[in-house]
Amino acid sequence: MNSIISVSDLTKTYSGGFTALKNVNLDIHEGEIFALLGPNGAGKTTLISIICGIVNPSSGSVRADGHDVVRDYRMAREKIGLVPQELCTDSFESVLATVKFSRGLFGKAPDPGYIERLLRQLSLWEKRNSRIMALSGGMKRRLMIAKALSHEPKILFLDEPTAGVDVELRQDMWSMVRELRESGVTVILTTHYIEEAEEMADRVGVINHGRLVLVEDKNTLIKRMGNKELLLHLAEPLERLPESLADLSLELDESGQQMVYRFDIQSGETGIANLLRKLDRAEIEFRDLQTRESSLEDIFVGLVRGEQKENDRAHGAGE
Ligand SMILES: Nc1ncnc2c1ncn2[C@@H]1O[C@H](COP(=O)(O)OP(=O)(O)OP(=O)(O)O)[C@@H](O)[C@H]1O
């Protein structure tokens, strides 16, 4: 697969001495939707800012479509469109004027046909003569995307594209991003909404404390790290699990009314038949049973927590 962005051994230490990125290596494939996940302060914006040439790396290198983002800044930047978290644009301008102006900033010759197609694709053509301040929140977000795409970049960064937007608008954004990928644009997005990554991304990267702790195909990740749970609602509450069930991966909730049995999706043998036999022998009856598959969110929370524990342990050991 062709890689359109190559990040090699990237480290960033800010002037105050804080190291926000530690030895990051990452390849983004051409034409994919890549979601970068991580808790607050993990280093996502720093990584994006370095790729976009806004922040200088302390060491390591980044290539965007073959161009080094520091040595060959202009060529690299021309390949990239960036939609920042904050909506920042002159609200007295018209939609059309502001998008044309953005294109001009990259030294691209005017192309009214392209701008019209872009505004139509983003459902903004009817609003082309409106002032920005007269647009709805959703339209403003689409305008930010139009501005970022005005110079026909091959790569689009979306920093928290749906932060604070309602469910309907979020769905609109998702389908728009998919359309962009269909048109050949590579999309990299950061998000706090794991469901957004689960819904849209082809691959997922998790960054924590400045380290890229995982990069994987989303579906493989869910299969590899996912567990399934079997929930049993008991007919009568139990005070504790009987000894005969102690060797199973089984938990009783606080009410004593529900049992959760965890099993690995990958393994051929789930152990459910054995569980049911043992329940029968222990004369435990249940009213209802359901299964639940772990989501990307469960996996993410588990990963970040696991990392935190490792860090704490390392810290404790050093003290
Ligand atoms: N200019 C700066 N000078 C010093 N430290 C900085 C600077 N910019 C960011 N940092 C620090 O680097 C770390 C990573 O910040 P960054 O903005 O990249 O995180 P993030 O993952 O994008 O977080 P969020 O999800 O909150 O946007 C944070 O601890 C932040 O305080």
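Since we're looking at a predicted model, the values are computed, not measured.

**Remarks on the overall build of the chain**
Turning to step 1, where the next piece is worked out: Along the chain, the regular secondary structure elements total ten helices and 14 strands.
Turning to step 2, where the next piece is worked out: Here the C-alpha radius of gyration of the chain, 25 Å, is well above what a compact globule of 319 residues would show, namely 20 Å.
Turning to step 3, where the next piece is worked out: Dimensions along the principal axes, computed over C-alpha positions, put the chain at roughly 80 × 50 × 35 Å.
Turning to step 4, where the next piece is worked out: Considering the chain as a whole, with its 319 residues, one finds that 29% of them fall into the buried category.
Turning to step 5, where the next piece is worked out: Long-range pairs, those at least 24 residues apart, make up 70% of the contacts in the chain between residues at least 6 apart in sequence.

**Some points on the sheet that holds strand β10 (residues 211-217)**
Turning to step 1, where the next piece is worked out: Spatial strand order, β6-β7-β8-β3-β9-β10: six strands in an open sheet with mixed pairing. With partners counted over all chains shown, the strands left at the sheet margins are β6 (80-83) and β10, one partner each. This sheet shows a mean twist of 15 degrees between the axes of neighbouring strands, independent of strand direction.
Turning to step 2, where the next piece is worked out: Examined bridge by bridge, strand β3 (residues 33-37) and strand β8 (residues 186-191) share five bridges and lie parallel to one another. Pairing of L37 across the sheet is with T191, part of β8.
Turning to step 3, where the next piece is worked out: Lying over the sheet, helix α1 (residues 44-51) contacts β3, β7 (155-159), β8 and β9 (203-208), oriented at roughly 150 degrees with respect to β7.

**Comments concerning the site of the ligand**
Turning to step 1, where the next piece is worked out: By nearness alone, every residue bordering the ligand is listed as Y14, G16, F18, A20, G38, N40, G41, A42, G43, K44, T45 and T46.
Turning to step 2, where the next piece is worked out: Ranked by residue count, the leading element in the shell around the ligand is α1, at three residues.

**Regarding the domain arrangement of the chain**
Turning to step 1, where the next piece is worked out: Domain annotation for the chain reports domain 1 (3-222) and domain 2 (228-293).
Turning to step 2, where the next piece is worked out: Between the C-alpha centres of domain 1 and domain 2 there is a distance of 45 Å.

**Some details on the packing of helix α3 (residues 95-105) against helix α5 (residues 137-149)**
Turning to step 1, where the next piece is worked out: In contact at an axis separation of 7 Å, α3 and α5 are set at 30 degrees when each is read in the N-to-C sense. Here the hand of the crossing between α3 and α5 comes out right-handed. Note on element contacts: α5 touches α3 through L143, A146 and K147, opposite V95, T98, V99 and S102.
Turning to step 2, where the next piece is worked out: Its residues assigned to classes, the contact of α3 with α5 comprises four nonpolar, two polar and one charged.

**Things to note about helix α4 (residues 112-121)**
Turning to step 1, where the next piece is worked out: If you check which residues of α4 are buried, you get I115, L118 and L119. Viewed end-on, α4 has its buried residues packed into an arc of 95 degrees, placing them on one side of the element. Exposed and facing more than 90 degrees away from the buried side of α4 are G113 and R120.
Turning to step 2, where the next piece is worked out: Among the structural elements, α3 and α5 are those in contact with the buried residues of α4.
Turning to step 3, where the next piece is worked out: Following α4 by one or two positions, S123 has its phi on the positive side, about 55 degrees.

**Brief notes about the nonpolar core**
Turning to step 1, where the next piece is worked out: With 59 residues, the main nonpolar core has A35, I51, A64, A146, F157 and V187 as its most contacted residues.
Turning to step 2, where the next piece is worked out: Excluding residues within four positions of it along the chain, A35 makes contact with L189, T191, A197, M200, A201 and V204.

Cut-offs applied
Residues numbered from 1 in each chain as written. Predicted model: local features only at pLDDT ≥ 70, side-chain atom pairs only at ≥ 80, totals over all residues. Helix = DSSP H or I, 4+ residues; strand = E, 2+ residues; numbered from the N terminus. Rg over C-alpha atoms; globule rule 2.2 N^0.38 Å. Buried ≥ 20, exposed ≤ 12 C-beta atoms within 10 Å, placed from the backbone. Contact = placed C-beta atoms within 7 Å. Pairing = 2+ DSSP bridges. Axes fitted to C-alpha atoms, helices over the stretch in contact; angles between N-to-C directions. Near = placed C-beta within 6 Å. Domains from an automatic or database assignment. Left-handed = near helix turned anticlockwise from the far one by under 90°. Nonpolar A, V, L, I, M, F, W, Y, C, P; charged D, E, K, R; others polar. Arc of directions from axis to C-beta. Core = buried A, V, L, I, M, F, W, Y, C linked by C-beta atoms within 7 Å.

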